[in-house]
Structure formats: C-alpha cells, structure tokens
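Understanding the architecture of this molecule
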Amino acid sequence: IGPVISQKQYDKIIDLIKSGINDGATLVAGGPDRPNGLDKGYFIKPTIFTDVSNNMRIAKEEIFGPVLSIIPFENEKEAISIVNETSYGLGNYVQTNDKEKAIASISKVICF
C-alpha cells in the first residue's frame, strides 16, 4: 500500500481513525500509528473497524484512505436503511451469501 497524497490528507485520516476509536468502534486492524519501519512519509496502516454505527464520524465522512468501517445489520430492510442514511452518497456495500437477495436489494437503494 502506498502513502496518501499529502500531510493535510494524512492528518485528516489519522484524525478520523482516532475519532472511530473515541466513538467506541472496535479497532480490529491497523490504527493511527505509522506502519512498522516507516518513520516518515504519509503511510497509514490498513485499518478496519467493526461495531460501527451510522452516527459515528467514520461512517458519515468519506475517508479517502485505507480505512474500512463495518456496520452490522439484522435484516435486509435494516441494511438498506443504513445505506440510505448517508448524506453524501458515500460508497457502501452490502455483503451476503444470498446472491439473489443481493441483486434484488440493489433496486431498493436510493441513488443521489
């Protein structure tokens, strides 16, 4: 993985990662520290959060960095609601083992 584009973007991504931690998301990989062996440059560890909710900053803002937020859901209706709650039309994905249900769900997502 390469570095992000600038100090400004690096700082924004690190701030968002710290926000996710402070908001109570579970950090399962990565984090705000530079990758081992890289003490300079704009390198950020690939970071994964679970237990994210749509009221958290990491779910509301486009991060433009190697950060993945996983938001759990109980059923298709809740998954569609979560995807449609974004204010900015951010990239969202619904993962399921049921291919037919996934295809049918696409038509229920509001596109901006």
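Residues numbered from 1 in each chain as written. Predicted model: local features only at pLDDT ≥ 70, side-chain atom pairs only at ≥ 80, totals over all residues. Heavy atoms only, no water.

What to know about the environment of Thr 50
Relative to the helices and strands, Thr 50 resides in strand β2 (residues 47–50). Overall, the relative accessible area of 21% leaves Thr 50 in the partly exposed class. The contact partners of Thr 50, leaving out residues within four places of it in the chain, are Ala 25, Thr 26, Val 28 and Ile 70. (Helix = DSSP H or I, 4+ residues; strand = E, 2+ residues; numbered from the N terminus. Buried < 20%, exposed > 50% of the residue type's maximum accessible area, 1.4 Å probe, protein only. Contact = heavy atoms within 4.5 Å.)

Some points on helix α3 (residues 76–84)
The set of residues buried in α3 consists of Ala 79, Ile 80, Ile 82, Val 83 and Asn 84. Regarding α3, its N-cap is Asn 75, as a side-chain oxygen of that residue lies 3.2 Å from the backbone nitrogen of Lys 77 further along. (Polar contact = N/O pair within 3.5 Å; in protein donor to acceptor, adjacent residues only side chain to side chain.)

Digging into the sheet that holds strand β3 (residues 67–69)
Taking strand neighbours across the sheet as the criterion, the three strands line up as β1-β2-β3 in an open arrangement whose pairing is mixed. Since the sheet does not close on itself, it has two edges, and those belong to β1 (26–29) and β3, each with one partner. Averaged over all pairs of adjacent strands, the angle between their axes in this sheet comes to 25 degrees, without regard to strand direction. As judged from the three bridges shared by β1 and β2, these two strands associate in the antiparallel manner. In the sheet register, Leu 27 faces β2, and the bridge partner there is Phe 49. Sitting on the sheet, helix α1 (residues 7–22) is in contact with β1, β2 and β3, with an inclination near 25 degrees to β2. (Pairing = 2+ DSSP bridges. Axes fitted to C-alpha atoms, helices over the stretch in contact; angles between N-to-C directions.)

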